[in-house]
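Spelled out, the chains give:
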Amino acid sequence: MILTSETRSKAFVAAGLWGEDTLDAAFRRHAAERPDDLAIADGDTGPVPGAAASYSYAEANRRVEGLAAFLAGLGLKPDTVLGIHLPNVAEAQIVVLAALRAGLVIVPLPLHWTDREITRAVEQAGIRAIVTASRVERAVTGERIRDIAAEAFSIRFVLGFGDGLADGLIDLAEVMAELDALGPAPELTRRGNPADHVAMVSFSRRDGRLVAVPLTHNHLLAIGRFHAEAAGVGPGARIASAMMPAGLSGLGAGLATAIAAGAGLVALHGTGARQIAGAVRTQGAAHLVVPAPLGPILAGDLTGHGVTLSLVSPRSSADPVAPTGFADDDVVVDVATFGGITLLPVRRVGGQRPPGPWLRRRVARCPSRSGSGRG
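All figures in this text were calculated on a predicted structure; none of them were measured in a lab.

(A) Layout of the environment of Leu 111. For Leu 111, the position within the fold is in the loop between β4 (105-108) and α5 (115-125). Look at Leu 111 and you get partly exposed, because its relative accessible area is 29%. Separated by 133 residues in sequence, Leu 111 and Met 244 have C-alpha atoms that sit 8.8 Å apart. With residues near it in sequence (within four places) discarded, Leu 111 still touches His 85, Leu 86, Pro 87, Val 136 and Arg 144.

(B) View of the nonpolar core. Ranked by size, the top nonpolar core spans 74 residues in total, and within it Leu 67 and Leu 159 carry the most contacts. Among the elements that make up this core, the one with the highest residue count is helix α4 (residues 90-101) (nine residues). Sequence-distant contacts of Leu 159, defined by excluding residues within four places in its chain, comprise Phe 70, Leu 71, Leu 74, Ala 129, Ile 130, Val 131, Thr 132, Ile 170 and Leu 172.

(C) Expanded view of the environment of Ile 259. Within the secondary structure layout, Ile 259 lies in helix α10 (residues 248-261). Residue classification places Ile 259 among the buried positions, given a relative accessible area of 2%. Separated by 234 residues in sequence, Ile 259 and Ala 25 have C-alpha atoms that sit 9.8 Å apart. Here Ile 259 is in contact with Leu 23, Ala 26, Phe 27, His 30, Leu 97 and Leu 221, once residues within four sequence places are set aside.

(D) Representation of the packing of helix α3 (residues 57-73) against α4 within the structure. Where α3 contacts α4, the axes come no closer than 8 Å and their chain directions differ by 55°. In terms of their interaxial angle, α3 and α4 are classed as oblique. Read as a crossing pair, α3 and α4 show a hand that is right-handed. Residue-level inspection shows Ala 60, Asn 61, Arg 63, Val 64, Glu 65, Leu 67, Ala 68 and Leu 71 of α3 in contact with α4, the latter providing Glu 91, Ile 94, Val 95, Leu 97, Ala 98, Ala 99 and Arg 101. Taken together, the residues of the contact of α3 with α4 break down into ten nonpolar, one polar and four charged.

(E) Representation of the environment of Met 200 within the structure. Among the secondary structure elements, Met 200 is positioned in strand β8 (residues 198-206). Overall, the relative accessible area of 0% leaves Met 200 in the buried class. When the C-alpha atoms of Met 200 and Leu 104 are compared, they prove to be 8.5 Å apart, with 96 residues separating the residues in sequence.

(F) Up close: the sheet that holds strand β2 (residues 54-56). Judged by pairing direction, the sheet is mixed, and its eight strands sit side by side in the order β2-β1-β11-β10-β12-β13-β14-β15 without closing on themselves. Edge positions in the sheet fall to β2 and β15 (344-347), since each has one partner strand and no second. Each strand axis lies, on average, 15° off the axis of its neighbour in the sheet, ignoring direction. By the bridge criterion, three bridges tie strand β10 (residues 238-241) to strand β12 (residues 287-291) in an arrangement that is parallel. Within β12, the residue paired with Ser 241 across the bridge is Val 289. Sheet strands in contact with α3 are β1 (38-42) and β2, and its direction is about 100° off that of β2. Lying over the sheet, α4 contacts β1, β2 and β11 (264-267), oriented at roughly 130° with respect to β1.

(G) Representation of the packing of aromatic side chains in the model. By the definition in use, this model includes two aromatic pairs. A ring pair is formed by Phe 27 and Tyr 57, whose centres lie 5.0 Å apart and whose planes are at 45°; its orientation type is tilted. One end of the pair, Phe 27, is in helix α2 (residues 23-33); the other, Tyr 57, is in helix α3, with 30 residues separating them in the sequence. Side by side, Phe 27 and Tyr 57 carry an identical accessibility label, which is buried. Between Trp 113 and Phe 203, the ring centres sit 5.9 Å apart and the planes meet at 65°, which makes this aromatic pair edge-to-face. Of this pair, Trp 113 sits in the loop between β4 and α5 while Phe 203 sits in strand β8, and the two are 90 residues apart along the sequence. Judged by relative accessible area, which is 7%, Trp 113 ranks as buried.

(H) How the structure looks around the pairing of strand β3 (residues 81-84). Judged by which residues are buried, β3 turns out to be covered on both faces: Val 81 and Gly 83 on one side and Leu 82 and Ile 84 on the other are all buried. For β3 and β4, the ladder comprises four bridges, and the chain directions are parallel. What sits directly across from Leu 82, in β4, is Ile 106. Note that the unit made of β3, α4 and β4 has a crossover that is right-handed. With four bridges joining them, β3 and strand β5 (residues 127-133) adopt parallel strand pairing. Pairing of Ile 84 across the sheet is with Val 131, part of β5.

(I) Expanded view of the pattern of salt bridges. All chains considered together, the criterion is met by ten salt bridges. Salt-bridge contacts for Arg 146 lead to Asp 147; the nearest nitrogen and oxygen are separated by 3.3 Å. Residue classification places Asp 147 among the partly exposed positions, given a relative accessible area of 42%. Each of the salt bridges in this network shares a partner with another, and the network as a whole consists of Asp 24, Arg 28, Glu 65 and Arg 101.

So, how was this worked out
- Residues numbered from 1 in each chain as written.
- Predicted model: local features only at pLDDT ≥ 70, side-chain atom pairs only at ≥ 80, totals over all residues.
- Heavy atoms only, no water.
- Helix = DSSP H or I, 4+ residues; strand = E, 2+ residues; numbered from the N terminus.
- Buried < 20%, exposed > 50% of the residue type's maximum accessible area, 1.4 Å probe, protein only.
- Contact = heavy atoms within 4.5 Å.
- Core = buried A, V, L, I, M, F, W, Y, C linked by side-chain atoms within 4.5 Å.
- Axes fitted to C-alpha atoms, helices over the stretch in contact; angles between N-to-C directions.
- Parallel < 35°, antiparallel > 145°, perpendicular 65-115°, else oblique.
- Left-handed = near helix turned anticlockwise from the far one by under 90°.
- Nonpolar A, V, L, I, M, F, W, Y, C, P; charged D, E, K, R; others polar.
- Pairing = 2+ DSSP bridges.
- Phe/Tyr/Trp six-rings, centres within 6.5 Å; stacked < 30°, edge-to-face > 60°.
- Right-handed = clockwise from strand over helix to strand, strands pointing away.
- Salt bridge = Lys/Arg side-chain N within 4 Å of Asp/Glu carboxyl O.

Structure, rendered in C-alpha cells:
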C-alpha cells in the first residue's frame, strides 16, 4: 500500500534521504555481511515466561524467514494488518521483522491500553490478526487478547509466545521449533518503490480520539539514520532500548536505528533505573533509549561511563519541561515524538537543548515526517 506521492518520493530518493530498501531487506543484508554479530538480545530475564533469547544476525534472520513463511501460509496476504501486543523482548523484534518481510502492516497495541482502546484500534486500522504473550509479569495477556478478539469478528488469528499459552492461541514457540519445515519467506512483487509501502500505523491522540498515522519503510529508516547519526551509533555497536517494540518510539529509536546503523539491539523491559543501568553495563551497550523522565536518574550512573542517552518525550524536544541537569560533556539526544506523528532526534550541545526556532526549522524539512499523505 503506497500513500506517498511518486513525485515526493523521487525527490527524496534523488536527494539521498530515502532509498529502495525495506526495513527487513536492510536487516537481511546485514545478516549476509556480518552473520555472527549480535542482532537482537534480551537485556534482562524478561517479563514473558520462557521467552528470553539472544540472536546473532544469522540466527535472527533465519527466524524472521521462517515466521514470515508461516504468516503467509496462514493466508495473511501483503498489506494485511497485524496487531502487536507484546512487551519489549527479543521475540517481539523478530515478529516485527517477520511481519514486514511477509509484506504485512504492523500496528502497536500498547500493554497499558484498555480493552475499549484496543477494540477501537482494531476497528480503525482493520487489524486481522494479533500477536501477544501468554503473560506479561502478572497480567494474563493471552486470555485477555483472545477474549477481545472473540468480540471482534475481523480478527482471524491470535498468536502468542510464552509458557502457559491460553487455549485458542497459535503457539509461536512450537512454530519456531519447526523452522526447517517452514521454508523461505514468500517473494513479494510490489508496485513502485518497495520502501514507499506502509510498514506500520502509529496512533496519535487528538481531542481524546485515536488518530491513525501511516509510516512507510522509508520514514522509519530515515528516522533510524537521523537518530543513529545524532547518537553516534555505528556498525557493531550495541543500542539498548526500554521503549515498546512496535510503537513509533520503540521501532524508530530502537530497531530501525540498529538496522540503519548495522548495530545490535538490546531489548529492556525493566522500568527501574538500577535494573536498566545494570543491564546496560552487562550487555556492553554504548547507547540507551529511555523515556525522558528517567534521564536525570540514569545520568550519574551511565553518562560518565561513556554511555549515550536518548531521551524520548511525547512533546517537542525544545519543550521547557524536558529533563535537565546533565554535565557539559554528557552525550544526550532529545527525541521528540510530537504525539506519535514522527520522531526527531536533536543532540544537545554543551548539555543544553537547542533553541525552539532551530528545532521548528528542522521539523519543517524533516523527510521522515513528510510523504505519508498527512503532511
